Structure formats: structure tokens, C-alpha cells
Amino acid sequence: MASRANHLVLLGCGLLCAAALLRTQMAGPSAAQAQVYQAPAYQTPLYQGPAAIPSPAAASNFPIASDARLAGDTKQTRFILDLDKPVQFRAFALADPYRVIVDLPQVSFQLPAGVGVAGRGLVKAFRYGLVMPGGSRIVFDLTGPAKIAKSYVLEAANGQPPRLVLEFEEVDRTAFVQSLAPESRPELRPAIAEANAAAARAEAPAAPPSPPDKRPVVVIDPGHGGVDNGTEAGGGDIMEKNLVLGFGLALRDRIEKSGKYRVVMTRTDDTFIPLGDRVKIARNESAALFVSIHADALRRGEGDAQGATIYTLSDKATDSEAERLADTENKSDAIGGVSLADEPTEVADILIDLVQRETKTFSNRFARILMGEMKTTVRMHKHPLKSAGFRVLKAPDVPSVLVELGYVSNKGDLERLVSENWRNRTVGAMAQAIDAFLAKRLATAGPGK
């Protein structure tokens, strides 16, 4: 194993050198492009694949950012981005180090050289770039804890172009942490945490503990989200992330109607969730079943395909199409700028594989039940059961499947995917399969997992 590890290290170094040489030969960036997103040690770079450099014709369709500036002081700081057309955006904060992230549709950054290198007030510096085809990102490094007091887009007026405006306001760490999404909050300092807990105990009367919910947990995972649009159709008007979110919410509502299961969603809105976090949600909930929902597409020249496909985990894909799809989906973390440094080592892979064997058996059993239910109401792919190395299926103790509802690149499938009648029938078939699988498993294994 040591020999193999050394070989992998040498191979990795060779690939890095080759990539650096290619970038040197292909790129000759302008001074403005050279600034684009030089990532610090705690964060991986933005998306740098071939699509990161759009052709001039394609770039002309994207909003253009022509200037950016900071104003204010260490109490209040304003960021202004000049655009040629209004855009939608999403802004959120992260702690340790203090940062603010702004996700935008793909923007052609044509900013003056050196913009963002020097900060002002509450902003130490900022970087910008393409996070994935169709999505851009601006990352602000803050000098300390600060909140986004206001954020808005101004229409063009009085000779001024459309502008994206963020107003930062200084806060203390406690207020900053409380403003974060729950999953992004670091642990509070012990003294603060103890003080908050003591105050809560003093103010709130003791309530009788509620009985634990022992119902089996089903985790539904709508793929993609946030800056990761997934596959697109209709000139980008129809995005996979929206199709599968609507389907996932409808499936949740159908399952919850029976009252027999508790349903947990990995996302309920347009939010980017790293692949590893999707798996963690299932494991933290001690889920009895994990179902990831997607919609595939074939590139031009790859032919045509249609119908739903059900995937289970495999270290080796069942065919080249499955391998291609798994490689594409597994890049979602890199697209979102999330560190993959915690990937398991070879030894951990072996241990995980041993634990997964029983789970794979249950996953394959559910896949067959699901296919049996779906084929009576849904058009299935000519090879409906496949396996591939999807990272979201790697929870060693949670039976997991990934369902490709169809191909947005196929006209017939796309018409079905946007049909409410088709969605209702498909949701019904999947809910019946989940009930059949869990009822049988609970009958043999008891009320736990």
C-alpha cells in the first residue's frame, strides 16, 4: 500500500505540473483577469474548468460588471458594483475567518486592474470569479465580525448604471454568529455559551420532555441548488435544481400524509449544499432511507436517451454513461468552492467498504422495489437499474439510491418533467415503493433502522 501511495503522490505531482503548464500556455490574461479569485489557504479556488473562459460570443450575453468600489469606515462600509443590467443575487456570511459570500448569475467581470486587492473599513479585501458555468461569486474577507445591514440592486437612474449595493455594519461576535444559518454557526465561546444557557434556564419554566419520535426517517435530497444549477434546457429557462426541488417537496408532502414516517429534506430552497453535508444529514438523522433526486442530460453529439434511471453505489460504474454522470455530479463540491480535503484515505475507503456491504444489499433491494412501482406509471430507461460512484450514496449505514427522473435533453422527457400530472403520478409510485420497502424492513428488523 505504501508503494501504491507513493505512486499516487508522484502521479498527482505530475498532473499538477501539467495543469500549470497548460494554464501558462493557454491563458495570457489581461491585468483585470489576473485578479480573479486568488484563494486563501482556507478556501479552494472557484471553478476553473474549460467553461470558465467563455467565448466572446457567449460572454456578450452575460451581465457586465465594469467597476467596483468601497466606501465608509470601520463602523459602516458600503460596497458598490456597477453593472450594465440588474441581476438577482444571494448574500450570506461565514465565520472563522469572517467572510461574506455573494452568489450571482454568470457575470463578465471587466473591472479595473487591482480592484479588490486593497480593502477599506470592514472589508479587508475581496475576490471575484466564475464559480461554475452559469454562476459567479464574490468573496469578501472581513476585518472582523460584521453583518449585512442592507443589500439591494438599484435600477439605472440619473446617468448612473444599475448597481449592486451591500452595506456592512460592525457587530460583536455573538450577534454575528447568531445571524448565520444554523449549519454554519461555530461553537460559541464557552463563557458566552454557558451564560446564554444559564439565562435561558432562569427565564424559561421547565417543560416536560416530549417523547422521542421513533418513526423511521426518510431523507429526500433534491440535487444541486444555489450557484449549481445542474442541467439546463429551454435556453437556460428550465433548470434541474428547480425541477428536482419541486419534485422533492411534493414527494415529502405525499410521504408525510401517511403519518408513518418522518421526512427530512437536505434543502427546501435554492441553497447550495455540499455533497458531504448531504450524506452527513442522512447519518445524523439515523435515516432509514436516502433518496437523491436528479434529472440528467446528454451533451450534443452523445446521442439521445430518455426515461428514468435508478442508481445505487458502485466503485465501478455499470457503463460509460453511468461513469460520466457520476463524475459530473461529484464535481458539485468543486463547483461550489468547498474544500475536499477531508476525503477518506485508502485505508478509510477499505473500512467503509466493509461496512457498506449490508447497506448495499438493502439499497439494491429498494432500487428493485422502486423500479417495479415506477415502471407501471413512468417511462423508464432501457437499462433502468445502474450503479456508479456517486458521493451522495456513500453513507455506509444508510440505504441510498439516486433517481434520474429523465433527460432534460430529450423533448419527450422534458415535457413530462414539467408536467404536474406526470409529477403527481411519479410521486405516488415512489411513495408506494418507500412504504413497501420500509414496511418489510421494519417487520424483519424491528422499529429501529
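Preceding block: the structure.
Now for a look at the structure at hand. Owing to the predicted nature of the structure, the values given are computational and were not obtained by experimental measurement.

Broken down by element type, the protein chain carries 12 helices and 17 strands. Scored against the burial criterion, the 449 residues of the protein chain give a buried share of 43%. Contacts spanning at least 24 positions in sequence make up 75% of the contacts within the protein chain whose residues lie at least 6 apart. Surface summary for the protein chain: the accessible area is close to 23,000 Å², and the carbon and sulfur share equals 55%.

A separate point is the pairing of strand β9 (residues 163-170). Among the eight residues in β9, six count as buried, and that is most of the element. Relative to β9, strand β2 (residues 76-83) runs antiparallel, the two sharing seven bridges. In the strand pairing of β9, Leu 81 is matched with Leu 164. Sheet topology note: the strand β8 (residues 146-154)/β9 ladder contains eight bridges and is antiparallel. In the sheet register, Ile 148 faces β9, and the bridge partner there is Phe 168.

Let's shift gears to the nonpolar core. Ranked by internal contacts, the top residues of the largest apolar core, which has 43 residues, are Ile 255, Ile 293, Phe 366, Met 374, Val 403 and Met 430. Top element by residues in this core is helix α12 (residues 420-445). It accounts for nine residues. Each residue touching Ile 255, except ones within four places of it in the same chain, is listed here: Val 218, Ile 220, Tyr 261, Val 263, Ala 431 and Ile 434. Of all hydrophobic cores here, the second largest spans 32 residues; its members include Ala 95, Val 100, Leu 111 and Val 177.

So, about the pattern of salt bridges. For the structure shown, the criterion picks out 18 salt bridges. The residue Arg 137 makes a salt bridge to Asp 103 at a minimum N-O spacing of 2.7 Å. Taken together, the residues span a long stretch of sequence, with Arg 137 in strand β7 (residues 135-142) and Asp 103 in strand β4 (residues 99-105) at a distance of 34 residues. There is no split in this pair, since Arg 137 and Asp 103 are both buried. Counted as one network, the salt bridges with shared partners bring together Asp 67, Arg 69 and Asp 82.

Another aspect to go through is the pairing of strand β3 (residues 90-94). Relative to β4, β3 runs antiparallel, the two being bridged by five bridges. Paired with Ala 93 across the two strands is Val 100, which belongs to β4.

Those residues of helix α7 (residues 275-284) that fall on the buried side of the exposure criterion are Leu 275, Arg 278, Val 279 and Ala 282. Each buried residue of α7 lies within a common arc of 95 degrees when the element is viewed along its axis, so the set occupies one face. Once α7 ends, the next one or two residues include Ser 286, with phi positive near 50 degrees.

This next bit is on the packing of aromatic side chains. Under the criterion given, the structure shown has nine aromatic pairs. Ring centres of Phe 79 and Phe 140 lie 4.8 Å apart, and the angle between their planes is 75 degrees; this geometry places the pair in the edge-to-face category. Of this pair, Phe 79 sits in strand β2 while Phe 140 sits in strand β7; the two residues are 61 residues apart in sequence, bridging distant segments of the chain. Residues Tyr 311 and Phe 390 carry aromatic rings whose centres are separated by 5.2 Å and whose planes lie at 75 degrees to one another, so their mutual orientation is edge-to-face.

Before going further, it helps to spend a moment on unusual backbone geometry. In this structure, Pro 97 follows Asp 96 across a cis peptide bond, with omega equal to 5 degrees. On the secondary structure map, Pro 97 appears in the loop between β3 and β4. With phi around 55 degrees, Asp 96 is a residue other than glycine that occupies positive phi space. Of the residues examined, Asp 96 reaches a relative accessible area of 46% and is grouped as partly exposed.

Quick look at the sheet that holds β8 now. The strand order across the open sheet built from five strands is β5-β1-β2-β9-β8, with neighbouring strands paired in mixed fashion. Looking at which strands have only one partner, the edges of the open sheet turn out to be β5 (108-109) and β8. Strand direction decides the pairing type here: strand β1 (residues 64-72) and β2, joined by seven bridges, are antiparallel. The residue of β2 that forms the bridge with Gly 72 is Thr 77.

As for its position among the elements, Asp 413 is in helix α11 (residues 411-417). Excluding its chain neighbours within four sequence positions, the residues that come into contact with Asp 413 are Ala 305, Gln 306, Gly 307, Gly 406 and Tyr 407.

All right, on to the side chain of Arg 127 then. Relative to the helices and strands, Arg 127 is located in strand β6 (residues 123-132). Within the local environment of Arg 127, its side chain forms a polar contact with the side chain of Asp 141, the two groups lying 2.4 Å apart.

Here is what the cut-offs are and how they apply
Residues numbered from 1 in each chain as written. Predicted model: local features only at pLDDT ≥ 70, side-chain atom pairs only at ≥ 80, totals over all residues. Heavy atoms only, no water. Helix = DSSP H or I, 4+ residues; strand = E, 2+ residues; numbered from the N terminus. Buried < 20%, exposed > 50% of the residue type's maximum accessible area, 1.4 Å probe, protein only. Contact = heavy atoms within 4.5 Å. Areas by Shrake-Rupley, 256 points an atom, 1.4 Å probe, with all protein chains shown as cover. Pairing = 2+ DSSP bridges. Core = buried A, V, L, I, M, F, W, Y, C linked by side-chain atoms within 4.5 Å. Salt bridge = Lys/Arg side-chain N within 4 Å of Asp/Glu carboxyl O. Arc of directions from axis to C-beta. Phe/Tyr/Trp six-rings, centres within 6.5 Å; stacked < 30°, edge-to-face > 60°. Polar contact = N/O pair within 3.5 Å; in protein donor to acceptor, adjacent residues only side chain to side chain.

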